Amino acid sequence: TKMSSRQVVATDVLDKQCDDQGLMAHAADAADWSDVKHSLRKKRDRLLDDNVVLSLCTKSDWEGFKRLLTNCAILICTAKSTGVLWDALEMIQSSAFHFVSKYVLFPALYMFYGFQIQCFGYAAQHELMHRTAFRTRWINDTLLFLVSIPCFEFGKHEKAMHKQHHTYTNDIHRDPELTSFWTREELENKGFRKVAAHRWEYVLEFIDLASVMKSHLMRIINSSRGIPVDYTGTKWSLENWRYGDEVMRDLQVTAQFQIGVYLVILALPMLAEKGMKELLFYWLIPAILGFIPINFVRNAEHADCVISKQGDEINCLRNTRSCRSNFIVRQLMWNMNFHAEHHLYPMVPFYNLPRLSELLEESLEHNDIKHFLNVNWEYVKRDGWIDQQNKESARTADDSNKKLL
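Below is a short write-up of the structure.

1. Side note on the packing of aromatic side chains
A full pass over the atoms with the stated rule returns 23 aromatic pairs. Seen in terms of ring centroids, tryptophan 236 and tyrosine 243 are 5.0 Å apart; in terms of plane orientation they differ by 65 degrees. Their pairing is edge-to-face. Just as tryptophan 236 is buried, tyrosine 243 falls in that class too. Between tyrosine 262 and tryptophan 283, the aromatic rings sit 6.4 Å apart at their centres with planes inclined by 15 degrees, giving stacked as the arrangement.

2. Some remarks on the environment of glutamine 116
Along the chain, glutamine 116 falls in helix H5 (residues 96-130). Taking the relative accessible area as the measure of exposure, glutamine 116 reaches 1% and is therefore buried. Between the C-alpha atoms of glutamine 116 and isoleucine 74, which are 42 residues apart in sequence, the distance is 8.4 Å.

3. Examining the nonpolar core
Membership of the largest hydrophobic core comes to 92 residues, with the highest contact counts inside it found for Phe152, Tyr243, Met333, Tyr345, Leu356, Tyr379 and Trp385. Considering every element that reaches this core, the biggest residue donor is H5, with 12 residues. Discounting residues that sit within four places of it in the chain, tyrosine 243 has contacts with Leu23, Met24, His157, Ala160, Met161, Pro228, Val229, Trp236, Met248 and Leu251.

4. Observations concerning helix H12 (residues 245-267)
Helix length check: H12 (23 residues) gives 33 Å between terminal C-alpha atoms against 33 Å at 1.5 Å per residue, within 8%. Tucked inside the fold, the buried residues of H12 contact helix H6 (137-148), helix H7 (155-167), helix H11 (209-224) and helix H13 (275-289).

5. A few points about the environment of leucine 14
Tracing the sequence through the fold places leucine 14 in helix H1 (residues 2-15). Once the C-alpha coordinates of leucine 14 and threonine 58 are considered, the two residues, 44 residues apart in sequence, prove to be 12 Å apart. In contact with leucine 14, not counting residues within four places along its chain, are Asp32, His38, Asp50, Val53, Leu54, Cys57 and Met347.

6. Thoughts on the pattern of salt bridges
Summed over the entire model, instances satisfying the criterion amount to 26 salt bridges. Close ionic contact of glutamate 239 with arginine 184 constitutes a salt bridge, the shortest N to O distance being 3.6 Å. Separated by 55 residues along the polypeptide, glutamate 239 in the loop between H11 and H12 and arginine 184 in helix H9 (residues 184-188) bring together distant segments of the chain. Across the salt bridge formed by glutamate 378 and lysine 381, the nearest N and O atoms sit 3.1 Å from each other. One salt-bridge network, in which partners are shared between bridges, spans Asp35, Arg41, Arg44 and Asp45.

7. A short note on unusual backbone geometry
A positive phi angle, close to 60 degrees, is found at phenylalanine 152, a residue other than glycine. For phenylalanine 152, the position within the fold is in the loop between H6 and H7. Classification of phenylalanine 152 by relative accessible area gives buried; the value is 6%. Although it is not a glycine, lysine 194 adopts a positive phi angle of roughly 60 degrees. Within the secondary structure, lysine 194 is located in the loop between H9 and helix H10 (199-207).

8. Here we look at the state of the cysteines
One pass over the full model with this rule turns up 0 disulfides. Just so you know, cysteine 151 is unpaired, no disulfide at all, and the nearest cysteine sulfur is the one on cysteine 119, 8.9 Å from it. Here cysteine 323 is not cross-linked by a disulfide; its sulfur's nearest cysteine counterpart is in cysteine 305, at 12 Å. The exposure class of cysteine 323 is buried, given its relative accessible area of 4%.

9. So, H5
Taking 1.5 Å per residue, 35 residues should reach 51 Å; H5 reaches 49 Å between its end C-alpha atoms and fits that length. Maximum bend of H5: about 40 degrees, positioned at lysine 102. Arginine 131 sits one or two positions beyond H5 and adopts a positive phi of about 60 degrees.

About the thresholds
- Residues numbered from 1 in each chain as written.
- Predicted model: local features only at pLDDT ≥ 70, side-chain atom pairs only at ≥ 80, totals over all residues.
- Heavy atoms only, no water.
- Phe/Tyr/Trp six-rings, centres within 6.5 Å; stacked < 30°, edge-to-face > 60°.
- Buried < 20%, exposed > 50% of the residue type's maximum accessible area, 1.4 Å probe, protein only.
- Helix = DSSP H or I, 4+ residues; strand = E, 2+ residues; numbered from the N terminus.
- Core = buried A, V, L, I, M, F, W, Y, C linked by side-chain atoms within 4.5 Å.
- Contact = heavy atoms within 4.5 Å.
- Expected span 1.5 Å × (residues − 1).
- Salt bridge = Lys/Arg side-chain N within 4 Å of Asp/Glu carboxyl O.
- Disulfide = S-S within 2.5 Å.
- Bend = angle between axes of the 7 residues up to and from the residue.

Next up, the structure:
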C-alpha cells in the first residue's frame, strides 16, 4: 500500500510537468513537452517505474557548470593550439612537417574547433532551452541567449520550433523538422524515411553552407520584423499552427536585441589593426565550417524511423534514434547522442541520460548502430536508407498510377 501510494504521488508529479501546447505557448516550468500527459504515455511508450523516472529528473547547477566550463576549457585549448599551429606554418615554409601540418593537422584541428563552437549552439542551447542544463531557471534563460550568438542560432525561436517537434515528433503535419524541408508530396509518400532523396542531396547537407547560413540568419531577421517563420527562415509550413501573441512579441524583441549585439561585435574589431582578421579566424570562419561536422552527428536523429500522420500514435520508442558514440563526442554534445531516451523523457537532465539509456537499452527500436560514422554509412551505402526510400516511393507511385488506370 505504501509503495502504491508512492507510485501514485510520483505519477501525479510527472503529470503536472506536462506541456502539450507546442509552439503556441511556453509554460513557465513544465519540462515534459508531450502531446499527452505522462500517465497516458505509460500505456504506449513510457515503460519505466515512475519513482525511478522521478529520481532521474533532479536538475543540478553543479553538473551544468561542470559540463559548461569543461567544454569551454576544451574550446580555449583548441583555439590556442589552432593559433599556434597556424603561426608555425607561417614560419616553417618547406618541410615534410609543413606539408602534413598544412593539409592534414591544421584542417582537422580547425574543423574540430568549429565543431566545438557549433556544439554550444546545438547541444548546450538544446539543454538550456529545455531548462535541464541547470537547476536555476534564470541561468538557463540567460545562457540560452549567450550561447546562441556565436553559432548564429536564435535560442527562443529554436525553443518554439523544438517544443513543437517534441510534442509531435515525426508527424508529417505538425513536426516543423519535417514540414520545413520536405514538400507535402514527399511527406505523404508511404516510402518517406526522412532522408535525402539522392546521394548528392545528402552531400549538399554538408557543403551547402550558404543555404545553412541563410536559414539561420533569416530566422533572426524575419523574427525581428514580427514575421513567423519555420526552420527555413523564409516561410511558414505548419498549416493551421501559429505562435501565440505573447510568444511572437518575445521573439521579435529578442531578435532585435540579438541583431544589435552582432552589430556591436562586428564594429569593435574595426578599432584594432588585427581585430577583423582575428574575428574571422577565431569565430566567423570556424563557426560556419562547424556546421559540417555538427550535421554529421545530428542528421539521423529521426531518419529511417516511424513516420506519423495526424491521428497516429506518437511512439518515441520507434520514431527516434540513439547512438552511443565516444567519450569526447558525448562530452561536447551534452549526451544528446542518447536522443531516443531524451525524447521519451525530455524532463531528465543531460547528466542522467547515460543511466536512462542503460534502463531503456532493450526497449528502444533504433539504438543498434553505435557510431555516427556507421549511421551515415547506412544513409549512402548501396540498398541503404536513400535507396530503400526511393524504391518504396517508386512502388507507391506505381500503385497509384495503376489505380488511376
